[in-house]
Amino acid sequence: PESTMMACCCKKICNGCEYANQIRERDEKLDHTCPFCRHPLPKSEEEGNRNVMTRIEANDPAAIRHMGRERWGEGDYDGAFEYW
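Thresholds, definitions, all that
- Residues numbered from 1 in each chain as written.
- Predicted model: local features only at pLDDT ≥ 70, side-chain atom pairs only at ≥ 80, totals over all residues.
- Heavy atoms only, no water.
- Buried < 20%, exposed > 50% of the residue type's maximum accessible area, 1.4 Å probe, protein only.
- Helix = DSSP H or I, 4+ residues; strand = E, 2+ residues; numbered from the N terminus.
- Lys, Arg positive; Asp, Glu negative; His and termini not counted.
- Salt bridge = Lys/Arg side-chain N within 4 Å of Asp/Glu carboxyl O.
- Contact = heavy atoms within 4.5 Å.

Okay, unusual backbone geometry next. Look at Lys29: it is not a glycine, yet its phi comes out positive at around 55°. The residue Arg38 is not glycine, and still its phi comes out positive at about 65°. A relative accessible area of 47% places Arg38 in the partly exposed class.

See below:
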């Protein structure tokens, strides 16, 4: 993929911009955070999924679409249509 969805705010960032942000944070000895909302990145996949579900509960269309695509990829077509 050419971009990454941030689990904290469900914004997409191109991989080049994410890489530049990581270099800036490394050079300035900063913790790795989201370039949009500055929230610390999740420490586990479970924490990331909780963040996405929080965004879904807030009716964030990007988070809803993301969850639908994930369910579809897992073969859970009924679950995918609940989100799409």
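Now, onward.
Further remarks concern the side chain of Glu18. Within the secondary structure, Glu18 sits in helix α1 (residues 15-27). With no salt bridge to any partner, buried Glu18 finds its closest opposite charge in Arg38, at an N-O distance of 8.3 Å. Beyond its immediate stretch of four places on either side in the chain, Glu18 contacts Met6, Ile13, His32 and Pro35.

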